[in-house]
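Summary of the model geometry
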Amino acid sequence: RKHMKTQEIKFSNQNKNYSVIIGNNILKILSSKVKSLCPHTKKIALIFDKNVPYRYKKFISNSLRKYELVSFSFSANEKNKSLKSVDFFLNNLLIKNFNRSDLIIGVGGGIVGDLTGFVASIYKRGINFINIPTTLLSQVDASVGGKTGVNSSYGKNLIGSFSQPKLVISDTSFLKSLKRKEIVCGYAEILKHAIINDKNFFNWLKINTKHIFLHDQKKLIYAITKSCKIKLSFVNRDVNEKKLRMILNFGHTFAHAIEVKNNYSKNITHGEAVLAGMILATKLSVEKKVCQKKSLHELLNIYSTNNLNYTFAKYKKTKEIISLIPYLKNDKKNNDEKINFILLTKIGKTTQPNKHKISIKELKKIIKRFTQY
């Protein structure tokens, strides 16, 4: 098997620095990395998403057999991404007498990364953590930015911390076991990063999206690396989420409404909601005269070429878009509350946060004009 070039992205901020390493079949670097980054570690807790194929669990456990290992299989879903699960893991670490120089490794999608990172950040005020994201979405999105957390009955991700891992290893060989729907999920964020920041990358995606869906390893490594670098540039300029980082929410205002309205149903994944949300946000941008129709057409083009039109098919009807409005704001008490949108000016560039606050009344008027596109 020919070894593909491994990419390394270095993150350093406020005396925290870590690397994201991206490549194909690179899990073999794990043990030497643990040795160099966590030299005093004796015990390692491995938290696996139960969907991770057995051969990977076996390979990882084997490569760390010099250490005292505790393994957990976690059924990752939004319901289990909770304080109850956090409590379970904390208790197990305490029973096994883990100390701060020991290590927790999370292996799975974004939920496992969020939960494990949060557990690591609060266990004895912080224990070493290594993240091994196994889905395309978690490799492009959750592996950068240091946000960790869990859900509460009041909403998603309301309990959490900013905390950086010691290392992130994104091995693209995990992606071979993903269904197309799961690849779409990560692709949505890749496309978003191109749309908000990089016209050249967008042009590359025009040609290469089909190869990403065909699991072309080299193209995947390139797209993930590029995507992480774009996200990192926003996060680096804005570590604790003051302002700039909000641009990363392009398309997410509508997307979030779609998810909440559908009660986070399995039928519509986060990525599909984001793909629909970006089209709606772009139509809004055209109607607000911030953006030319040409950009919308470029975007629609990449969707139709890659069979992604199904994501927004439902939202061609005015009635369907209007029905999202109550979900656009968490606070539904005030009928004329303004909603903050990130709009597109052209492919590769958005408006600044807080520049476009649109009242519900105006929004309803604008949405009625969407049917012309």
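Residues numbered from 1 in each chain as written. Predicted model: local features only at pLDDT ≥ 70, side-chain atom pairs only at ≥ 80, totals over all residues. Heavy atoms only, no water.

**Observations regarding the side chain of T172**
Looking at the secondary structure, you find T172 in the loop between β9 (167–171) and α6 (180–197). A residue is classified by how much of its surface remains accessible, and T172, at 0% relative accessible area, is buried. For T172, the contacting residues outside a window of four places in its chain are G23, N24, Q139, Q217, L220, I221 and I224. (Helix = DSSP H or I, 4+ residues; strand = E, 2+ residues; numbered from the N terminus. Buried < 20%, exposed > 50% of the residue type's maximum accessible area, 1.4 Å probe, protein only. Contact = heavy atoms within 4.5 Å.)

**Remarks on the packing of helix α3 (residues 83–95) against helix α4 (residues 110–122)**
Packing of α3 against α4 leaves a shortest axis separation of 10 Å and a crossing angle of 50 degrees. Relative to α4, the element α3 is oriented oblique. Note that α3 runs across α4; the crossing there is right-handed. Residue-level contacts link L83, S85, V86, F89, L90 and L93 of α3 to L115, F118, V119 and I122 of α4. Taken together, the residues of the contact of α3 with α4 break down into 9 nonpolar, 1 polar and no charged. (Axes fitted to C-alpha atoms, helices over the stretch in contact; angles between N-to-C directions. Parallel < 35°, antiparallel > 145°, perpendicular 65-115°, else oblique. Left-handed = near helix turned anticlockwise from the far one by under 90°. Nonpolar A, V, L, I, M, F, W, Y, C, P; charged D, E, K, R; others polar.)

**Quick notes on the pattern of salt bridges**
Applying the stated criterion to the full structure yields 11 salt bridges. Residues joined in a network through salt bridges with shared partners are K199, K206 and E298. (Salt bridge = Lys/Arg side-chain N within 4 Å of Asp/Glu carboxyl O.)

**Focus on helix α8 (residues 217–236)**
Compared with an ideal rise of 1.5 Å per residue, which puts 20 residues at 28 Å, α8 spans 28 Å between its outermost C-alpha atoms and is within 8% of the ideal. Capping of α8 at its N-terminal end is provided by D216; its side-chain oxygen lies 3.1 Å from the backbone amide nitrogen of K218. (Expected span 1.5 Å × (residues − 1). Polar contact = N/O pair within 3.5 Å; in protein donor to acceptor, adjacent residues only side chain to side chain.)

**Digging into the nonpolar core**
Core analysis: the largest hydrophobic core is formed by 77 residues, its most contacted members being L191, L205, F254, L284, Y303, F341 and L363. At 10 residues, helix α10 (residues 270–287) tops the list of elements feeding residues into this core. Setting aside chain neighbours within four positions, we find L284 in contact with F254, F341, L343, I358, L363, I366 and F370. F48, L64, I105 and L167 belong to the second-largest nonpolar core, a separate cluster that totals 22 residues. (Core = buried A, V, L, I, M, F, W, Y, C linked by side-chain atoms within 4.5 Å.)

**A few points about α4**
Helix length check: α4, at 13 residues, gives a terminal C-alpha distance of 18 Å against a target of 18 Å (1.5 Å per residue), a fit within 8%. In terms of burial, α4 is largely enclosed, as 11 of its 13 residues are buried. Listed as buried for α4 are I111, V112, G113, D114, L115, T116, G117, F118, V119, A120 and S121. Backbone geometry just after α4 places K124 at a positive phi near 50 degrees.

All quantities given are derived from atomic positions and should not be read as evidence of function.
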